[in-house]
Amino acid sequence: MILLEKRPEPSRAWAVATPLLAVLLTMIVGGILFAALGKNPFETIRTIFLDPLFSEFAWYYRPQLLIKGAPLVLIAIGLSFGYRAGIWNIGAEGQYIIGAICGAAVGLALYPMESRFIFPLMVLAGAAGGTLWAMIPGILRVKFGTNEILVSLMLVYVAEQILASMALGAMRNPEGMGFPGSRNLSQYPSAANLELVAGSGMHWGVVAAFIAVIFGYITLSRHIFGFHVRLSGQGPRAAVFAGVNPKRMILICLGISGALAGMAGLFEVSGPAGQISIDFNVGYGFTAIIVAFLGRLHPVGILLAGGLMALTYIGGEIAQSNLGLPGAAIQLLQGMLLFFLLAVDVLTNYRIRLSQRGTV
Amino acid sequence: MSLISIKNLTKGYPGVIANKDVSFDIERGEIHALLGENGAGKSTLVKAIYGLVKPDSGTMTLEGESFAPAEPRAARAAGVAMVFQHFSLFDAMNVAENIALGMENPPPQNEVAARVRSVSHQYGLPLDPDMIVGDLSAGERQRVEIIRCLLQDPKLLIMDEPTSVLTPQEVDILFETLRKLASEGTSILYISHKLEEIRSLCDKATVLRLGQVVGECDPRQTSARDMAELMVGMVLHVPTKTDKPLGDVALTLTNLSAPAPHQFGTRLRAINLEVRKGEIFGIGGVAGNGQDELVAALCGEMPTAADMVKLGTQNIGNLAPNARRALGLCAAPEERNGHAAVPDMSLIENTILTAVTRKNLAKNGFLQWDKARSFAQEIIRTFDVRTPGARSTAGSLSGGNLQKFVIGREIMQDPDVLIINQPTWGVDASAAAAIRQAILDLADQGAAVVVISQDLDELMEVADRFAALNDGQLSAPRDAASLTIDEIGLMLGGAHDLEVAHVGP
């Protein structure tokens, strides 16, 4: 009989090892899944996890890794503050959309003026848009005790409707022959988030993601605010005793995650995506939740996890085009990663003991 | 023949032996005390009898037959009932519904209610089956648990620390009930660390220390001090109090009132109080009469009007906890795990929890880990906290050691006013003595201390003045030296609706 026995203290070794074990289990079960779909499991796993880095077309995929990874890391760092404090913002996707719309609106309103202040202004507008969108669940929670999980999630679908309306109406390109979608911001020099080094994939969003990792690391490990964030999550009553105002903590944490998600949206719309379109959002806001947990809510872990998730995105696309793997299978693989992580997480706090007799 | 006989019972957990070769017998109609410090193995032993824990070796016989209950249901069927220290009742349901929930085949509600009425009358435990449990006092809730057991008509009734939530008058009523049960042939296994109670109630006592039986005695013939030293295994240090003149008023409460913070909370009603420098003010009362709310209002978790709480001459009623700490008011709440300390965090982090302001553990908002660590180590050294080091999590410490750490953390911040709720709750006797001595020393150095406790002996030991908290109201303060336990009992109130058991059939 297998017994779970609580460890006197959480194991540090397992805290590091469980994400790796989760990746391994995902590869194994994913392989079985691919085999059931009639694909060669080894080839598929290799295509998803190794080809983006080491195949002959890696020169094309490697910059993509930064482009896909940056928004994931940026959003996940913001989410990790809330998750550490026990505030569950599930709606980063919506904050990402609204950030993109607000930032793009500034750029489009000033078109075709050229000024070096336009792009920074758009970044601020993006952050502000994301923050405001996140304040809706925040204020409802603080004032009326609503559940921020439900409200933030539902607001994603509201944001998607606003996005569609913008792409078809207010923000539609007047010179676009009636096609939906805004002007292409990446072709408007003052508003474009272009590659900083040609061919590297490095754009301002990547820079912002690295800054966010450093900021997150220092705040959580060195600053009293980060301490209060952790306190709120691990001992809400103790946090109040330590002088934390729980309502203010909710608003600040939602504000941080909203601002970073909004900025991620802006960097995307002004760079890789280029325009506000109906299908602008591709789920970064949801995948970032997995990234945040896969990275143990630790900034450095999130950086690594963001890279891994970007890999599965790119590898998944290769597998779709080269091996004809259905897109849903890739999403399943990403979901599996979170599932296994949460499952093996139990090893951090418990050890497994085998007992001969069935004593409890 | 004994009712139940336990032979060489051993139960080990990884790293600890909870019970080792424990043997004792309980006679029919006997009130048998099981005595021991926290961690002595009392709980494991009774859990084995109640079928919650399966012993590694050893045998039990009940009425001459082998008894090895696999689960509590089997124990109950065999005639063993248990009243736990922590009640398992649903606040939102009424008494009869709660009792029916614990039955294997509950009869209709009105029949349960009728049986509750008759049993409660028979044993002098008045209880209205239609009352909502959330509205009951702790003593009344305990009666629900007891009546739930009595309805099973048990041969052996196990009671785990039953008096910790009762007023002295309620204790008397409970003891009458237990004596009546014993006279009818029910055996009672009574677990406690309160020696005077055991001396007045029990026929026989088995003393456990570190999982082993270290002695048996007749509590009526043995002094409380002898039993305590048997229990602890060493000579106890009794805290000493010195007489000294009091200083200026340090803490003033003026008509302190606050609404109940949640549905089952207590409203604070116009509390007036003055505590002087060098004075220890004791506040007694049964749990749930506003202790938590009073601490919250004093430490700043629950702000009130500014002039309701005054520190020296300054109004602080509207200030947040850290602003109050900066001015010199520190507090130690009752619940160690999750309120006074965070179990999953290290002792260093738990030091920062309250000491960041007064010990300057942050510069421009950036934490100074070195300083925090050395302060944590200082607390560990000064208060003899048994732990591998400051990096250990608070959750890895035993209750007594964590409490020493929590109290030490506040005392070593050198506060002008210290508020402590339940300083020695669930703490072993030697740690409790050390904590009480530290409180007395702090007052000697000129701090005003407010000690809130349900342990009246403790309050009598440390307090200069005493008042009782009853339903959010504070009684007029009295000099502790001139009070008897009976008078205190009356001050604690809640005795109005009680009656003594109807002795006889």
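Residues numbered from 1 in each chain as written. Chains lettered and ligands numbered in written order. Predicted model: local features only at pLDDT ≥ 70, side-chain atom pairs only at ≥ 80, totals over all residues.

### Thoughts on the overall build of chain B
Now for step 1: For chain B, the count of helices and strands is 16 helices and 23 strands.
Now for step 2: The C-alpha atoms of chain B give 24 Å as radius of gyration, which agrees with the globular expectation for 505 residues (23 Å, within 12%).
Now for step 3: Every one of the 505 residues in chain B was classed for burial, and the buried ones make up 49%.
Now for step 4: At a minimum sequence separation of 6, the contacts of chain B that also span at least 24 residues come to 68%. (Helix = DSSP H or I, 4+ residues; strand = E, 2+ residues; numbered from the N terminus. Rg over C-alpha atoms; globule rule 2.2 N^0.38 Å. Buried ≥ 20, exposed ≤ 12 C-beta atoms within 10 Å, placed from the backbone. Contact = placed C-beta atoms within 7 Å.)

### Brief notes about the confidence of the model for chain B
Residue and element names in this part refer to chain B.
Now for step 1: Scored by pLDDT, chain B has a mean of 86; 95% of the residues are at 70 or more.
Now for step 2: Counting contacts from residues 494-505, a segment whose pLDDT is below 50, to residues more than four positions away or on other chains yields 27 contacts.
Now for step 3: The complex prediction reports pTM at 0.78, with the ipTM value standing at 0.84. (pLDDT = per-residue confidence, 0-100.)

### Focus on the interface of chain B and chain A
Now for step 1: The interface is formed by 25 residues belonging to chain B together with 19 residues belonging to chain A.
Now for step 2: Elements represented by at least two residues in the side of chain B that touches chain A include exactly α10 (321-327), α11 (347-355) and β18 (366-367) of chain B.
Now for step 3: The class makeup of the residues in the side of chain B that touches chain A is 15 nonpolar, 7 polar and 3 charged. (Nonpolar A, V, L, I, M, F, W, Y, C, P; charged D, E, K, R; others polar.)

### A look at unusual backbone geometry
Now for step 1: Look at the link from A:Tyr111 to A:Pro112: it is a cis peptide, with omega at 5°.
Now for step 2: Although it is not a glycine, A:Leu297 sits at a positive phi angle of roughly 60°.
Now for step 3: Turning to its location among the elements, A:Leu297 is positioned in the loop between α12 (284-294) and α13 (299-323).
Now for step 4: Phi at B:Asp414 is positive, roughly 55°, even though this residue is not glycine.
Now for step 5: Inspection of the secondary structure puts B:Asp414 in the loop between α13 (399-411) and β19 (417-421).

### Points about the domain arrangement of chain B
It is common to report an interface's size as the accessible area lost on association of the parts.
Residue and element names in this part refer to chain B.
Now for step 1: As assigned here, chain B comprises domain 1 (4-232) and domain 2 (249-492).
Now for step 2: Relative to domain 2, the C-alpha centre of domain 1 lies at a distance of 32 Å.
Now for step 3: Going through the elements one at a time, α5 (138-150), α6 (168-183) and α8 (224-232) are the ones with two or more residues in the side of domain 1 that touches domain 2.
Now for step 4: Taken together, the residues of the side of domain 1 that touches domain 2 break down into 7 nonpolar, 8 polar and 2 charged. (Domains from an automatic or database assignment.)

### Digging into the nonpolar core
Now for step 1: Membership of the largest hydrophobic core comes to 251 residues, with the highest contact counts inside it found for A:Val73, A:Leu74, A:Ile75, A:Val291 and B:Val449.
Now for step 2: The residues that make up this core include at least three from each of domain 1 (4-232) and domain 2 (249-492) of chain B.
Now for step 3: With residues near it in sequence (within four places) discarded, A:Val73 still touches A:Ala209, A:Val213, A:Val291, A:Ile302, A:Leu303 and A:Gly306. (Core = buried A, V, L, I, M, F, W, Y, C linked by C-beta atoms within 7 Å.)

### Quick word on helix α4 (residues 58-84) of chain A
Residue and element names in this part refer to chain A.
Now for step 1: Compared with an ideal rise of 1.5 Å per residue, which puts 27 residues at 39 Å, α4 spans 36 Å between its outermost C-alpha atoms and is within 8% of the ideal.
Now for step 2: At Gly69, α4 is deflected by roughly 30°, the largest bend along its length, and proline Pro71 occurs up to four residues later in sequence.
Now for step 3: With 20 of 27 residues buried, α4 lies mostly within the body of the structure.
Now for step 4: Positive backbone phi, approximately 80°, marks Gly86, located one or two places after α4. (Expected span 1.5 Å × (residues − 1). Bend = angle between axes of the 7 residues up to and from the residue.)

### Examining α6(B)
Each turn of an α-helix holds 3.6 residues, which means side chains three or four residues apart point in the same direction.
Residues and elements named next belong to chain B.
Now for step 1: The terminal C-alpha atoms of α6 lie 22 Å apart, and with 16 residues this matches the ideal 22 Å at 1.5 Å per residue to within 8%.
Now for step 2: If you check which residues of α6 are buried, you get Glu170, Ile173, Leu174, Thr177, Leu178, Leu181 and Ala182.
Now for step 3: Residues of α6 that are buried in the fold lie against β3 (31-35), α5, β7 (156-160), β8 (187-192) and α7 (195-201).
Now for step 4: Immediately downstream of α6, the backbone of Gly185 shows phi near 105°, a positive value.

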